[in-house]
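Letter by letter, the chains look like this.
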Amino acid sequence: MTMPGQPAKQGPRSLDPHLRRYAARTAGMTASEIRALFAVASRPEVVSLAGGMPHLAALPLESLSAEIGQLVATEGLVALQYGSAHGVPLLREQICDVMAMEGINGHPDDVVVTVGSQMGLDMVTRIFCDPGDVVIAEGPSYVGALGSFTAYQAHVVHVAMDAEGLVPSLLREALEACKRAGQRVKFLYTIPNFHNPAGVTLAVSRRAEILEICRSYGVLVVEDNPYGLLGFDGQTYPALRSMDPDNVVYLGSFSKTFAAGLRVGWVLAPHAVREKLVLAAESATLCPPTLNQMIVSRYLATQDWKGQIKTYREAYRERRDAAVSALEQHMPQGSTWNIPDGGFYVWVTVPEGIDTKAMLPRAVTARVAYASGTGFYADGFGSRQLRISYCYPTPERIREGVRRLANVIEDEMQLHATFGATPGRQLSGPQTPSPDTA
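An unreviewed UniProt entry lists the chain under the name DNA-binding transcriptional MocR family regulator, with Lentzea atacamensis given as the organism.

Quick look at the structure:
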């Protein structure tokens, strides 16, 4: 009982005075696996095999600088002004030319330019998913997509992949299980080409079957394809969108084939969906940066962008080869990995008993960083997996990074042999994306 004149007793004080004010959906937002370590991981003495950052040194920077200067001098009054949420018309036409390389017959009116494809993911999830709806995604899946799904309180159901990508029979089983449980499945989210993080490519023979399965269950397909032009043998695969335009929303990006810092991506949607996306874009950003769009448009118009993609392919193939040869040379017995034929990533499974999330701080201490597997699953699985990104470091740095990583794993194996398995821990869920896990 409080006596007159005495202050009322205060309960425990939260470190965040706004804690009670947040929306319920913020409860699922967590930081990326190594964000807390990123200040250390980004030091020059640490070999970072974590982030999917493009090899910008391969760009013709001098000629780009001249083109950008001329753009501002001659079209600055437009480039520095507000624009449409739909995107610059000329760029939308050029995007259709880019997509035509994968068999897509798109119309510029159905292209919505976004601030990176991450914005496209956010908008698509926002306009389709109510709390409790189900999104089907490959297991593992892109951490940024999982973060968006969780932010809108969608439930993610993973479907396993094999060496040829998403397994159609398992997709059908998952959809049937959701149907029996009375769950509403809104869409399949898939990265068919050079998957992030798994590095595999969906077999062409499976693509039509997966589209047919989704149609039969009334499920939309969201195709995320930032790596499709980065096949090491120069091959491009038919986009899912090219095979079923009315039931596929296609996400594209210039972050991997040109410059990530410009943050220019796009969504190609069925015509009826396009208008909803424009409204969502207006509410999020009012309009994407006109200058950045016009820089990309000028690049596509004046530079040999197809030749630049070939240069990127060659650089990434060299780095892939360095990563795979180093894994073969240094990794301890019981480790396995895929050999990607494009893209940025190798997906590694470590020996039994090793927890890659728990091991990460010790790896950074040993001056190597990676992305642990748990961040790529909504249910916290993946503790024996890790993603190596070979796109950014030089081949020499990649080889040294893998050597350091193998030493860390061997030390963990010795600890496991001496003291037994790591104690059980609470499974982590999807995370907010950041450059260290892109």
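A few words on empty space enclosed by the protein. Per the counting criterion, the structure on display carries three cavities of 30 Å³ or more. Taken as a whole, the largest cavity encloses approximately 160 Å³ of empty space. Surrounding the largest cavity, 17 residues form its lining, Val98, Leu229, Ser253, Thr257 and Trp266 being those nearest its centre. Listing elements by their share of the lining of the largest cavity, those giving two or more residues are strand E8 (248–253), helix H10 (290–302) and helix H11 (305–330).

On inspection of all chains with the given rule, the structure shows 12 aromatic pairs. When the ring of Phe149 is compared with that of Phe187, the centres are 5.7 Å apart and the planes differ by 65°; the resulting orientation is edge-to-face. In this pair, Phe149 sits in helix H5 (residues 143–151) while Phe187 sits in strand E6 (residues 185–190), placing the two residues 38 residues apart along the sequence. The exposure class assigned to Phe187 is buried, which follows from its relative accessible area of 1%. One aromatic cluster is present, built from ring pairs that chain together Tyr227, Tyr312, Tyr316, Phe344 and Tyr345.

Side chains of Ile68, Val72 and Leu80 sit close together on the surface and give an oily, nonpolar patch of about 240 Å² of accessible area. Mapped onto the fold, Val72 is located in helix H2 (residues 61–79). Its relative accessible area of 35% is what places Val72 among the partly exposed residues.

Conventions we followed
Residues numbered from 1 in each chain as written. Predicted model: local features only at pLDDT ≥ 70, side-chain atom pairs only at ≥ 80, totals over all residues. Heavy atoms only, no water. 1 Å grid on protein atoms, 1.4 Å probe; cavity = no way out; pocket = protein on both sides within 12 Å on 5 of 7 lines; lining within 4 Å. Points joined across faces, edges and corners; volume = space filled by probe spheres on them. Helix = DSSP H or I, 4+ residues; strand = E, 2+ residues; numbered from the N terminus. Phe/Tyr/Trp six-rings, centres within 6.5 Å; stacked < 30°, edge-to-face > 60°. Buried < 20%, exposed > 50% of the residue type's maximum accessible area, 1.4 Å probe, protein only. Patch = residues over 30% accessible without salt bridge, like charges linked within 9 Å, V, L, I, M, F, W, Y side chains within 5 Å. Areas by Shrake-Rupley, 256 points an atom, 1.4 Å probe, with all protein chains shown as cover. Salt bridge = Lys/Arg side-chain N within 4 Å of Asp/Glu carboxyl O.

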